[in-house]
Amino acid sequence: MFKHYFLLISLVCCGLAHAGAQKEEQLSSAVQTSMQRSINDGQSARLVFANPNDGEAWLAAMSARLAKRIPDEFIRRTLLTAIHYEASRAGLDPQLVLGLIHVESGFNRYAFSVVGARGLMQVMPFWQRSIGSSGHNLFDMNTNLRYGCTILRHYLNIENGDYFRALGRYNGSLGRAEYPNLVYGAWKNYYAYAGGDTKLAEK
(Lines give C-alpha, C1' and ligand atoms only; values in the text may rest on other atoms or scores of the structure.)
Protein backbone atom coordinates (compact mmCIF):
# COMPACT_ATOMS: atom_id res chain seq x y z
CA MET A 1 0.00 0.00 0.00
CA PHE A 2 2.74 2.40 0.90
CA LYS A 3 5.60 3.15 -1.50
CA HIS A 4 9.13 1.95 -0.94
CA TYR A 5 10.22 5.41 0.18
CA PHE A 6 8.51 4.94 3.54
CA LEU A 7 11.03 4.21 6.23
CA LEU A 8 9.98 2.13 9.21
CA ILE A 9 11.11 4.17 12.17
CA SER A 10 10.69 4.03 15.89
CA LEU A 11 8.43 6.75 17.15
CA VAL A 12 8.44 8.69 20.37
CA CYS A 13 5.06 10.35 20.65
CA CYS A 14 5.29 13.90 21.85
CA GLY A 15 1.70 14.94 21.05
CA LEU A 16 2.81 17.73 18.71
CA ALA A 17 0.26 19.13 16.27
CA HIS A 18 1.41 18.88 12.68
CA ALA A 19 -1.67 19.48 10.54
CA GLY A 20 -1.71 23.24 11.14
CA ALA A 21 0.30 23.74 7.96
CA GLN A 22 -2.59 22.44 5.84
CA LYS A 23 -3.30 24.67 2.87
CA GLU A 24 -6.78 26.04 2.27
CA GLU A 25 -7.80 25.31 -1.29
CA GLN A 26 -10.59 26.09 -3.71
CA LEU A 27 -12.81 23.03 -3.99
CA SER A 28 -14.81 22.18 -7.07
CA SER A 29 -18.56 22.29 -6.50
CA ALA A 30 -18.81 18.49 -6.92
CA VAL A 31 -16.07 17.82 -4.37
CA GLN A 32 -17.45 20.40 -1.96
CA THR A 33 -20.93 18.90 -2.18
CA SER A 34 -19.60 15.38 -1.62
CA MET A 35 -17.57 16.44 1.40
CA GLN A 36 -20.47 18.43 2.84
CA ARG A 37 -22.69 15.37 2.48
CA SER A 38 -20.14 13.29 4.35
CA ILE A 39 -19.78 15.84 7.15
CA ASN A 40 -23.52 16.21 7.65
CA ASP A 41 -24.37 12.51 7.67
CA GLY A 42 -26.10 11.99 11.02
CA GLN A 43 -25.47 8.27 11.50
CA SER A 44 -24.17 7.19 14.89
CA ALA A 45 -20.80 5.48 15.31
CA ARG A 46 -20.75 1.71 15.50
CA LEU A 47 -18.33 -1.10 14.79
CA VAL A 48 -18.59 -2.16 11.14
CA PHE A 49 -16.97 -5.57 11.13
CA ALA A 50 -18.55 -8.28 8.98
CA ASN A 51 -18.31 -10.61 11.99
CA PRO A 52 -19.27 -9.06 15.37
CA ASN A 53 -16.78 -11.32 17.16
CA ASP A 54 -13.98 -9.87 15.03
CA GLY A 55 -15.15 -6.42 16.03
CA GLU A 56 -14.98 -7.23 19.72
CA ALA A 57 -11.52 -8.78 19.27
CA TRP A 58 -10.28 -5.62 17.52
CA LEU A 59 -11.81 -3.39 20.18
CA ALA A 60 -10.21 -5.40 22.99
CA ALA A 61 -6.79 -5.39 21.29
CA MET A 62 -6.78 -1.65 20.56
CA SER A 63 -8.24 -0.83 23.97
CA ALA A 64 -5.34 -2.61 25.66
CA ARG A 65 -2.85 -0.60 23.58
CA LEU A 66 -4.44 2.71 24.57
CA ALA A 67 -4.97 1.90 28.25
CA LYS A 68 -2.06 4.04 29.45
CA ARG A 69 -3.11 7.02 27.35
CA ILE A 70 -6.83 6.78 28.13
CA PRO A 71 -7.34 5.10 31.52
CA ASP A 72 -11.16 5.14 31.44
CA GLU A 73 -12.28 1.98 29.62
CA PHE A 74 -15.68 3.32 28.58
CA ILE A 75 -14.16 6.46 27.03
CA ARG A 76 -11.46 4.36 25.38
CA ARG A 77 -13.91 1.94 23.78
CA THR A 78 -16.26 4.74 22.74
CA LEU A 79 -13.40 6.57 21.03
CA LEU A 80 -12.14 3.43 19.29
CA THR A 81 -15.63 2.63 18.02
CA ALA A 82 -15.91 6.15 16.58
CA ILE A 83 -12.45 5.93 14.98
CA HIS A 84 -13.24 2.60 13.37
CA TYR A 85 -16.60 3.81 12.09
CA GLU A 86 -15.40 7.12 10.64
CA ALA A 87 -12.30 5.56 9.06
CA SER A 88 -14.32 2.72 7.52
CA ARG A 89 -17.05 4.94 6.10
CA ALA A 90 -14.35 7.11 4.50
CA GLY A 91 -12.63 4.06 3.01
CA LEU A 92 -9.57 4.44 5.22
CA ASP A 93 -7.66 1.87 7.25
CA PRO A 94 -8.62 2.46 10.91
CA GLN A 95 -5.06 1.55 11.92
CA LEU A 96 -3.73 4.37 9.74
CA VAL A 97 -6.14 6.81 11.38
CA LEU A 98 -4.98 5.63 14.81
CA GLY A 99 -1.39 6.31 13.73
CA LEU A 100 -2.31 9.78 12.51
CA ILE A 101 -4.08 10.66 15.77
CA HIS A 102 -1.09 9.30 17.72
CA VAL A 103 1.16 11.76 15.89
CA GLU A 104 -1.23 14.72 15.70
CA SER A 105 -2.67 14.94 19.20
CA GLY A 106 -1.51 11.99 21.28
CA PHE A 107 -5.25 11.18 21.66
CA ASN A 108 -5.95 14.50 23.41
CA ARG A 109 -9.37 15.53 22.11
CA TYR A 110 -8.77 19.09 23.33
CA ALA A 111 -5.40 19.56 21.60
CA PHE A 112 -5.03 23.06 20.18
CA SER A 113 -2.10 24.16 18.03
CA VAL A 114 -0.54 27.62 17.87
CA VAL A 115 -2.13 28.14 14.43
CA GLY A 116 -5.58 26.99 15.56
CA ALA A 117 -5.75 23.33 14.51
CA ARG A 118 -8.11 21.53 16.86
CA GLY A 119 -8.90 18.19 18.38
CA LEU A 120 -7.86 14.59 17.85
CA MET A 121 -7.04 14.92 14.14
CA GLN A 122 -6.00 18.59 14.37
CA VAL A 123 -8.59 19.97 11.98
CA MET A 124 -8.09 23.54 10.79
CA PRO A 125 -11.15 25.82 11.28
CA PHE A 126 -11.22 26.90 7.62
CA TRP A 127 -12.72 23.49 6.85
CA GLN A 128 -15.85 24.50 8.77
CA ARG A 129 -16.36 27.31 6.28
CA SER A 130 -15.74 25.21 3.18
CA ILE A 131 -17.43 21.90 3.97
CA GLY A 132 -19.26 22.28 7.28
CA SER A 133 -20.68 24.88 9.60
CA SER A 134 -19.34 27.42 12.04
CA GLY A 135 -21.59 25.76 14.60
CA HIS A 136 -19.64 22.51 14.45
CA ASN A 137 -17.50 21.90 17.52
CA LEU A 138 -14.10 20.61 16.37
CA PHE A 139 -13.30 19.53 19.92
CA ASP A 140 -16.25 17.13 19.82
CA MET A 141 -14.84 13.65 19.30
CA ASN A 142 -17.25 12.48 16.61
CA THR A 143 -17.27 15.78 14.74
CA ASN A 144 -13.47 15.98 14.68
CA LEU A 145 -13.12 12.41 13.43
CA ARG A 146 -15.76 12.99 10.77
CA TYR A 147 -13.91 16.06 9.49
CA GLY A 148 -10.44 14.52 9.72
CA CYS A 149 -11.35 11.30 7.90
CA THR A 150 -13.28 13.20 5.22
CA ILE A 151 -10.30 15.50 4.64
CA LEU A 152 -7.79 12.65 4.47
CA ARG A 153 -10.06 10.80 2.02
CA HIS A 154 -10.20 13.94 -0.12
CA TYR A 155 -6.41 14.18 -0.19
CA LEU A 156 -6.12 10.49 -1.00
CA ASN A 157 -8.50 10.96 -3.94
CA ILE A 158 -6.45 13.90 -5.22
CA GLU A 159 -3.30 11.80 -5.04
CA ASN A 160 -4.84 8.71 -6.69
CA GLY A 161 -4.37 6.51 -3.66
CA ASP A 162 -0.80 7.57 -2.88
CA TYR A 163 -0.70 7.62 0.92
CA PHE A 164 2.71 9.27 1.08
CA ARG A 165 1.49 12.31 -0.84
CA ALA A 166 -1.96 12.34 0.81
CA LEU A 167 -0.37 12.45 4.26
CA GLY A 168 1.96 15.17 3.05
CA ARG A 169 -1.05 17.23 2.05
CA TYR A 170 -2.72 16.57 5.40
CA ASN A 171 0.41 17.88 7.10
CA GLY A 172 1.02 20.70 4.64
CA SER A 173 4.43 19.25 3.75
CA LEU A 174 3.74 17.65 0.38
CA GLY A 175 6.82 15.89 -1.00
CA ARG A 176 8.71 15.67 2.30
CA ALA A 177 9.09 12.34 4.09
CA GLU A 178 9.16 13.32 7.77
CA TYR A 179 5.44 13.44 8.50
CA PRO A 180 4.36 10.40 6.44
CA ASN A 181 7.15 8.44 8.12
CA LEU A 182 5.92 9.48 11.57
CA VAL A 183 2.38 8.34 10.82
CA TYR A 184 3.55 5.14 9.16
CA GLY A 185 5.84 4.41 12.11
CA ALA A 186 3.01 4.91 14.62
CA TRP A 187 0.69 2.77 12.52
CA LYS A 188 3.09 -0.15 12.20
CA ASN A 189 4.82 0.07 15.59
CA TYR A 190 1.75 0.63 17.77
CA TYR A 191 -1.46 -0.20 15.92
CA ALA A 192 -0.74 -2.91 13.34
CA TYR A 193 -3.48 -5.53 13.46
CA ALA A 194 -3.93 -8.77 11.55
CA GLY A 195 -7.38 -9.72 12.82
CA GLY A 196 -10.71 -10.08 11.00
CA ASP A 197 -11.67 -8.03 7.98
CA THR A 198 -14.03 -5.09 8.18
CA LYS A 199 -16.80 -4.05 5.86
CA LEU A 200 -17.42 -0.44 4.96
CA ALA A 201 -20.23 1.30 6.75
CA GLU A 202 -23.15 2.25 4.57
CA LYS A 203 -23.00 5.91 3.68
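Let us look at the structure shown here.

The rules behind each value
- Residues numbered from 1 in each chain as written.
- Predicted model: local features only at pLDDT ≥ 70, side-chain atom pairs only at ≥ 80, totals over all residues.
- Heavy atoms only, no water.
- Buried < 20%, exposed > 50% of the residue type's maximum accessible area, 1.4 Å probe, protein only.
- Helix = DSSP H or I, 4+ residues; strand = E, 2+ residues; numbered from the N terminus.
- Arc of directions from axis to C-beta.
- Contact = heavy atoms within 4.5 Å.
- Salt bridge = Lys/Arg side-chain N within 4 Å of Asp/Glu carboxyl O.
- Axes fitted to C-alpha atoms, helices over the stretch in contact; angles between N-to-C directions.
- Parallel < 35°, antiparallel > 145°, perpendicular 65-115°, else oblique.
- Left-handed = near helix turned anticlockwise from the far one by under 90°.
- Nonpolar A, V, L, I, M, F, W, Y, C, P; charged D, E, K, R; others polar.
- Phe/Tyr/Trp six-rings, centres within 6.5 Å; stacked < 30°, edge-to-face > 60°.
- Expected span 1.5 Å × (residues − 1).
- Polar contact = N/O pair within 3.5 Å; in protein donor to acceptor, adjacent residues only side chain to side chain.

Overview of helix 1 (residues 29-39)
Move 1: Taken together, the buried positions of helix 1 are occupied by Met 35, Ser 38 and Ile 39. Take helix 1 and look down its axis: the buried residues cluster within an arc of 100°, on one side only. Turned more than 90 degrees away from the buried face of helix 1, the exposed residues are Ser 29, Ala 30 and Arg 37.
Move 2: Looking at the buried residues of helix 1, the elements they touch are helix 3 (73-89), helix 5 (126-131) and helix 6 (141-158).

Some points on the pattern of salt bridges
Move 1: Inspection of the entire model under this criterion finds six salt bridges.
Move 2: Note that Glu 86 and Arg 146 form a salt bridge whose closest N and O atoms lie 2.6 Å from each other. Here Glu 86, found in helix 3, pairs with Arg 146, found in helix 6; they are 60 residues apart in sequence, far enough to count as distant. Like Glu 86, the residue Arg 146 is buried in the burial classification.

Comments concerning the packing of helix 7 (residues 163-171) against helix 8 (residues 178-190)
Move 1: Orientation of helix 7 relative to helix 8, taken along the N-to-C sense of each, is 110°, at an axis distance of 8 Å. With respect to each other, helix 7 and helix 8 are oriented roughly perpendicular. Facing helix 7, whose interface residues are Phe 164, Leu 167, Gly 168, Tyr 170 and Asn 171, helix 8 presents Tyr 179, Pro 180 and Val 183.

Brief notes about the packing of helix 2 (residues 52-65) against helix 3
Helix packing for two helices is described by the angle between their axes and how far apart those axes are.
Move 1: Viewed as axis vectors pointing N to C, helix 2 and helix 3 meet at an angle of 120°, and their least axial separation amounts to 10 Å. Taken as axis vectors, helix 2 and helix 3 run oblique relative to one another. The element helix 2 and its partner helix 3 pack so that their crossing is right-handed. Between helix 2, through Glu 56, Trp 58, Leu 59, Met 62 and Ser 63, and helix 3, the contact on the second element is made entirely by Arg 76, Arg 77, Leu 80, Thr 81 and His 84.
Move 2: Classifying every residue of the contact of helix 2 with helix 3 by side-chain character gives four nonpolar, three polar and three charged.

So, the packing of aromatic side chains
Aromatic rings in a pair are described by how distant their centres are and how their planes are angled relative to each other.
Move 1: Summed over the entire model, instances satisfying the criterion amount to nine aromatic pairs.
Move 2: Between the aromatic rings of Trp 127 and Tyr 155, the centroid separation amounts to 6.3 Å while the plane-to-plane angle is 75°, which identifies the pairing as edge-to-face. Residue Trp 127 is found in helix 5, and its partner Tyr 155 is found in helix 6; the two are separated by 28 residues along the sequence.
Move 3: In this structure Tyr 155 comes out as buried when scored by relative accessible area, which is 1%.
Move 4: A ring pair is formed by Tyr 184 and Trp 187, whose centres lie 6.0 Å apart and whose planes are at 85°; its orientation type is edge-to-face. Placement of both Tyr 184 and Trp 187 in helix 8 is noted, with a separation of three residues, approximately one turn of the helix.

Here's the deal with helix 2
Move 1: Counted at 1.5 Å a residue, the expected span for helix 2 with its 14 residues is 20 Å, and the 20 Å between its end C-alpha atoms agrees.
Move 2: Residues of helix 2 that are buried in the fold lie against helix 3 and helix 4 (94-104).
Move 3: Sitting at the head of helix 2, Asn 51 places a side-chain oxygen 2.8 Å from the backbone nitrogen of Asn 53.

So, the side chain of Ser 173
Move 1: By the secondary structure assignment, Ser 173 is in the loop between helix 7 and helix 8.
Move 2: Classification of Ser 173 as buried rests on a relative accessible area of 4%.
Move 3: Side chain to side chain, Ser 173 and Asn 171 meet in a polar contact 2.3 Å long.
Move 4: In contact with Ser 173, not counting residues within four places along its chain, are Gly 168 and Tyr 179.

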